[in-house]
Amino acid sequence: EGFPDEKWTTHFDLAFAMTESLAKLEFILGNMEACIRTNRGLFHIAKTHSAKINSLFLDINARIVGSDSSEAASAGRTVLHRLDYKMPSRITPLHLIWKLKKVRKLLDSQSDDDILAFVAHPDNKENENNSGEEEESSLKMKVIVSVIFFLGMRQKHVLYQYTMLSAIETSLTQGLSPYTASTFCSWGMTEMVLFGNVDRACRLAKLAQQLSVRIPSE
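Keep in mind the model is a prediction, meaning the values are calculated, not measured.

Draft legend 1. Highlighting the packing of aromatic side chains. This model, assessed by the stated rule, comprises two aromatic pairs. For the ring pair Trp187 and Phe195, a centre distance of 6.4 Å and an interplane angle of 50 degrees mean the geometry is tilted. The exposure class of Phe195 is partly exposed, given its relative accessible area of 39%. For the cation-ring pair, Lys47 lies above Phe12, with the distance from its terminal atom to the ring centre recorded as 4.2 Å. The ring of Phe195 carries Arg104 above its face, with NZ or CZ at 5.0 Å from the centroid.

Draft legend 2. A look at a nonpolar patch on the surface. A surface patch of nonpolar side chains, amounting to about 480 Å² of accessible area, comprises Met192, Val193, Leu194, Phe195 and Val198. In terms of residue count, the dominant contributor to the nonpolar patch is helix H10 (residues 180–195) (four residues). Topologically, Val193 is positioned in helix H10.

Draft legend 3. The side chain of Thr180, seen in detail. Note that Thr180 resides in helix H10. Judged by its relative accessible area of 0%, Thr180 falls in the buried class. Other than its neighbours up to four places away in sequence, Thr180 contacts Met141, Ser171 and Leu211.

Draft legend 4. Up close: the packing of helix H3 (residues 32–45) against helix H4 (residues 49–65). Relative to each other, H3 and H4 sit at 160 degrees, their axes nearing to 9 Å. With respect to H4, the element H3 is oriented roughly antiparallel. Crossing of H3 over H4 shows left-handed handedness. The segment H3 lies against H4, with Met32, Cys35, Ile36, Asn39, Arg40, Leu42, Phe43 and His44 engaging Lys52, Ser55, Leu56, Leu58, Asp59, Ala62, Arg63 and Val65. Along the lines of polarity and charge, the residues of the contact of H3 with H4 split into nine nonpolar, three polar and four charged.

Draft legend 5. Representation of the confidence of the model for the protein chain within the structure. Chain-level statistics for the protein chain give a pLDDT mean of 79 and a share of 74% at 70 or above. Mean pLDDT across the elements of the protein chain bottoms out in helix H8 (residues 132–153) (64) and peaks in helix H6 (residues 93–108) (94). Across residues 122–131 the pLDDT falls below 50, and counting only partners more than four positions away or on other chains, this stretch makes 18 contacts in the model.

Rules of the game
- Residues numbered from 1 in each chain as written.
- Predicted model: local features only at pLDDT ≥ 70, side-chain atom pairs only at ≥ 80, totals over all residues.
- Heavy atoms only, no water.
- Phe/Tyr/Trp six-rings, centres within 6.5 Å; stacked < 30°, edge-to-face > 60°.
- Buried < 20%, exposed > 50% of the residue type's maximum accessible area, 1.4 Å probe, protein only.
- Lys NZ or Arg CZ within 6 Å of the ring centre and 35° of its normal.
- Patch = residues over 30% accessible without salt bridge, like charges linked within 9 Å, V, L, I, M, F, W, Y side chains within 5 Å.
- Areas by Shrake-Rupley, 256 points an atom, 1.4 Å probe, with all protein chains shown as cover.
- Salt bridge = Lys/Arg side-chain N within 4 Å of Asp/Glu carboxyl O.
- Helix = DSSP H or I, 4+ residues; strand = E, 2+ residues; numbered from the N terminus.
- Contact = heavy atoms within 4.5 Å.
- Axes fitted to C-alpha atoms, helices over the stretch in contact; angles between N-to-C directions.
- Parallel < 35°, antiparallel > 145°, perpendicular 65-115°, else oblique.
- Left-handed = near helix turned anticlockwise from the far one by under 90°.
- Nonpolar A, V, L, I, M, F, W, Y, C, P; charged D, E, K, R; others polar.
- pLDDT = per-residue confidence, 0-100.

Rendered as structure tokens:
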């Protein structure tokens, strides 16, 4: 199991990359327990901030697929905390109302052209020359969208809606990403179904369509 200790001393980068690949392979093969076990060690020895965040991101997805709901939510909060994204420890309807008003204000204060022209933060896997800020924004969106998927599958309505709004807020304040279109589209449906805001829903759907062409999602 793993490499001898001396390999981590003399060939750390190679040993780390190969072990990271093994963890991802276990995920692809559906061996979630093995993925989590292998990945856990990587988090503790990773030398860079982004490597630690990527390790935690893989941990979230492995727990989501493995239906470990409580630990997946906890891992998601851990990553967001490390990215300086603050979420209340307990989401209430009042938190949701406050977040909804904030996001609507952001949307209403910008034209479609303003939103579409906002600097897109490319996914760090595709561009190794990204600044730290761009990389963290992309990672943050990855984590939030993963948590949205996890909560939506388990019908955690208030927390799901709050997290969805948080993803939109992140895009509108820190830059668009490959994950923005899906959140715009999903929230547009919520605006129409729950609030009856057809015009707002149509606007978000149109923005999502245009963004999906400009910034293809993974």
